[in-house]
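This is what each chain is made of:
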Amino acid sequence: MRSSEKNAPSRKSLAGKVVVITGASSGAGRATAIEFAKQGAHLVLAARRIEVLHELAAECETWGGTAVAVQSDVTDYASVVNLVKQALQFHQRIDVWVNNAGVLAAGGFTDTPIEVHEQVIRTNLMGYIHGAHAVIPVFKIQRAGILINNISIAGFYPTPYAVGYSASKFGLKGFAEALQGELHGWPAIHVCNLYPAFLDTPGIGHAANYTGVLLKPAPPVYDPRKVARAAVRMALHPKKSTMIGAASYALKIGYLIMPALMRQMTAKVMETYFLHAEPSPMSSGNVFQPLPFGTSIDGTGEGKTGKKTMATAVAAGILITTIALFTSRKKKFR
């Protein structure tokens with residue numbers, strides 16, 4: 001067994017807890033599974049790629065957890081109900097449920113097929129609703145439980161050329177906050193929302209792409225392990241929400257102050273990239289079916305922010321520049 005990283009109190013606190021993670025086969029989901037395994041948790045790993053989940057389950061056990069793999073498609077409510085059933089058979093309770101499975105589609109709104117928009121929303125929004133709807137009755141029977149939603153800064157900041165994705169993330173924020181209100185009478189049931197900035201995961205390579213060019217992450221891009229560590233902190237000390245990455249704060253504040261300018265700036269940056277990027281064929285990516293590649297935590301590594309100070313400086317620069325532009329062009333955007 002590998003030695004766990006520091007944090008003896010955390011390991012003791014989460015040892016033996018049953019944790020379900022959707023979208024566990026790569027990226028932030030895979031990182032989250034390993035982070036909980038280091039704490040000695042019992043893991044129920046869910047995704048569409050069962051072979052990848054079996055490999056991850058074995059890896060989690062080398063870190064000190066126990067794990068079972070359950071093939072699951074969050075767009076299918078019956079599949080999610082079965083996931084709950086399998087988790088309860090594993091260790092007779094569910095302590096933490098991490099809603100994480102998600103897909104991305106990039107491209108002009110009308111260039112992207114309507115069925116792709118629908119499936120993005122079905123996966124990203126209805127997938128989380130399915131998870132919550134299936135597990136909260138278990139939490140109520142137990143009179144305790146923690147639901148963690150990995151939402152993204154896109155819940156606050158709309159992304160042109162990813163309209164369906166933006167719709168799903170804004171919807172997730174509303175769903176999660178409404179659910180928090182509804183569960184006010186259940187003090188030991190927590191709904192916790194994570195809002196990370198852009199992450200360096202295989203997700204960009206899995207994305208449906210109707211832009212006609214190769215998609216690459218735009219800096220600053222963060223290590224998905226930051227999300228994993230935040231999820232563990234939420235499981236130990238639940239709170240309603242947390243922002244992850246300095247850029248997420250900057251984008252949220254910037255959009256609150258000057259939404260029209262921020263939308264226009266983002267669209268222009270993306271349009272400039274499309275003009276100069278390497279051509280790429282149109283593809284539905286992993287929106288309808290999983291892809292055989294991209295099973296790691298990390299993506300390309302391009303644009304990744306290596307140091308906290310650099311991330312803070314970049315995020316501050318975005319906000320300061322935007323405020324300056326807003327001040328100079330205020331009349332135009334009234």
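Residues numbered from 1 in each chain as written. Predicted model: local features only at pLDDT ≥ 70, side-chain atom pairs only at ≥ 80, totals over all residues. Heavy atoms only, no water.

(A) View of the overall build of the protein. The helix and strand inventory of the protein stands at 11 helices and 9 strands. Taken across its 334 residues, the protein has 51% of its residues classed as buried. Once local pairs closer than 6 in sequence are excluded, the contacts in the protein between residues at least 24 apart make up 77%. Total accessible area on the protein stands at roughly 15200 Å², and carbon and sulfur atoms take up 59% of it. (Helix = DSSP H or I, 4+ residues; strand = E, 2+ residues; numbered from the N terminus. Buried < 20%, exposed > 50% of the residue type's maximum accessible area, 1.4 Å probe, protein only. Contact = heavy atoms within 4.5 Å. Areas by Shrake-Rupley, 256 points an atom, 1.4 Å probe, with all protein chains shown as cover.)

(B) Main features of unusual backbone geometry. For Q92, which is not glycine, the phi torsion reads 65° and is therefore positive. By the element assignment, Q92 lies in the loop between α4 (77-91) and β4 (96-99).

(C) The arrangement of the sheet that holds strand β9 (residues 241-244) in detail. Pairing in this open sheet of 7 strands is parallel, and the strands run β3-β2-β1-β4-β6-β7-β9 from one edge to the other. Only two strands of the sheet have a single partner each, and these edge strands are β3 (66-71) and β9. Between one strand and the next, the sheet's axes are offset by a mean angle of 15°, whatever the strand orientation. Across 6 bridges, the pairing between strand β6 (residues 145-150) and strand β7 (residues 189-196) is parallel. The residue of β7 that forms the bridge with N150 is L194. Relative to β4, helix α5 (residues 114-142) is tilted by about 175°, and along the sheet it contacts β4, β6 and β7. (Pairing = 2+ DSSP bridges. Axes fitted to C-alpha atoms, helices over the stretch in contact; angles between N-to-C directions.)

(D) Examining the nonpolar core more closely. Grouped together as the largest cluster of nonpolar side chains are 40 residues, with contacts concentrated most on I94, W97, F139, F175 and L179. Only β1 (18-22), β2 (42-47), α4, α5, α6 (163-182), β7, α9 (246-257) and α10 (259-276) provide two or more residues apiece to this core. Ranked by residues supplied to this core, first place goes to α5 with 8 residues. Filtering out sequence-adjacent residues up to four positions away, W97 remains in contact with V20, T22, V80, L83, V84, G131, V135, F139, I146, L147 and I148. In terms of nonpolar packing, the next biggest core, distinct from the first, is built from 37 residues, V19, I21, A33 and L43 among them. (Core = buried A, V, L, I, M, F, W, Y, C linked by side-chain atoms within 4.5 Å.)

(E) Here's a closer look at the pairing of β3. Bridge count for β2 against β3 is 6 bridges, and the pairing is parallel. Bridge pairing in β3 places H42 opposite T66. On the question of chirality, the crossover connecting β2 to the parallel β3 by way of helix α3 (residues 50-62) is right-handed. (Right-handed = clockwise from strand over helix to strand, strands pointing away.)

(F) Spatial organisation of the environment of G174. Summarising the element assignment, G174 is placed in helix α6. Look at G174 and you get partly exposed, because its relative accessible area is 40%. With 19 residues separating them in the primary sequence, G174 and G155 have C-alpha atoms 8.8 Å apart.

(G) Seen up close, the pattern of salt bridges. Applying the stated criterion across every chain, the model contains 7 salt bridges. Two residues, E59 and R30, come together in a salt bridge whose shortest N-O distance is 3.3 Å. Of this pair, E59 sits in helix α3 while R30 sits in helix α2 (residues 27-38), and the two are 29 residues apart along the sequence. Judged by its relative accessible area of 6%, R30 is buried. One network of salt bridges, in which partners are shared, links R30, E55 and E59. (Salt bridge = Lys/Arg side-chain N within 4 Å of Asp/Glu carboxyl O.)

Structural measurements only, silent on function.
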